[in-house]
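# Coordinate analysis (summary)
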Amino acid sequence: MHSLKIGQILGYFNTETYPIIKRELGNFELRHMFYAVVTYLRKLRPDLNQLISQINNQRIEVIMVYGKFDHHFPESIGKIFEPQLFNVKQLVVERGHDMVDVDLSKEIRKII
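Reference entry: report on the structure contained in this document.

Definitions and limits used
- The residue count restarts for each chain, going from 1 along the sequence in the order it is written.
- Local features are withheld for residues below a pLDDT of 70 in this predicted model, meaning they are given only at 70 or higher, and side-chain atom pairs are given and counted only at 80 or more; totals for whole chains, interfaces and linings count all residues.
- To get the side-chain values, take all heavy atoms of the structure and skip hydrogens and water.
- Secondary structure elements are defined from DSSP: runs of H or I of at least 4 residues count as helices, runs of E of at least 2 residues count as strands, and each element is numbered from the N terminus.
- Exposure categories follow from relative accessible area, calculated using a 1.4 Å probe and restricted to protein chains: below 20% of the type maximum is buried, above 50% is exposed, and the middle band is partly exposed.
- In this count, Lys and Arg are taken as positive residues and Asp and Glu as negative ones, while His and the chain termini are left out.
- By definition here, a salt bridge exists when the distance from a side-chain nitrogen of Lys or Arg to a carboxyl oxygen of Asp or Glu is within 4 Å.
- Two residues qualify as a contact provided that any one of their heavy atoms is within 4.5 Å of a heavy atom in the partner residue.
- Lines fitted to the C-alpha atoms define the axes, with helices restricted to the stretch that makes contact. Angles between their N-to-C directions range from 0 to 180 degrees.
- Note on terminology: angles under 35 degrees are roughly parallel, angles over 145 are roughly antiparallel, angles of 65 to 115 are roughly perpendicular, and the others are oblique.
- The nonpolar class holds Ala, Val, Leu, Ile, Met, Phe, Trp, Tyr, Cys and Pro. Asp, Glu, Lys and Arg form the charged class, and all remaining residues, Gly among them, are polar.

### Considerations on the side chain of Asp70
Note on placement: Asp70 falls in the loop between strand 1 (62–67) and strand 2 (88–93). No salt bridge is formed by the buried Asp70. Its closest oppositely charged neighbour is Arg95, at 11 Å. Beyond its immediate sequence surroundings of up to four residues, Asp70 is in contact with Arg95, Gly96, His97 and Met99.

Next up, the structure:
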């Protein structure tokens, strides 16, 4: 039995998360890439005030995209940043965490 399936049986992954985990970690190369990204990201600590300042100074348009059913990154996390940005749009789509696909790009194009 595949170790990811055992993880699901033991309750480490729910029904929504398992297909995402399987697709993103389903073989050695993907697991290695994931490990490398997570290892590098844990060292990434941007200065959020400077980031927000640069976004505003450069007049960068920001689109905050949320999945209505995404429990990992809910719409509420944007409430921290959105009020500080001058040029921000919000898009809430009828999806969960695994939302990036061609249909999402079509929805984004409608608002830009």
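### A few points about the pattern of salt bridges
Using the criterion set out here, one finds 2 salt bridges in the structure. Between Lys68 and Glu94 there is a salt bridge, and its shortest N-O distance comes to 3.2 Å. Highlighted residues: Lys68 in the loop between strand 1 and strand 2 and Glu94 in the loop between strand 2 and helix 5 (102–111), separated in sequence by 26 residues. The salt bridge partner of Arg95 is Glu107, with a shortest N-O separation of 2.9 Å. Of this pair, Arg95 sits in the loop between strand 2 and helix 5 while Glu107 sits in helix 5, and the two are 12 residues apart along the sequence. Under the relative-accessibility criterion, Glu107 is labelled partly exposed at 23%.

### Considering the packing of helix 2 (residues 17–25) against helix 3 (residues 28–41)
The geometry of helix 2 relative to helix 3 is characterised by a closest axis approach of 7 Å and an angle of 95 degrees between their N-to-C directions. On the basis of the axis angle, helix 2 is roughly perpendicular to helix 3. Contacts between helix 2 and helix 3 involve Arg23, Glu24 and Leu25 on the former and, on the latter, Leu30, Arg31 and Phe34. Here the residues of the contact of helix 2 with helix 3 are counted per class, giving 3 nonpolar, no polar and 3 charged.

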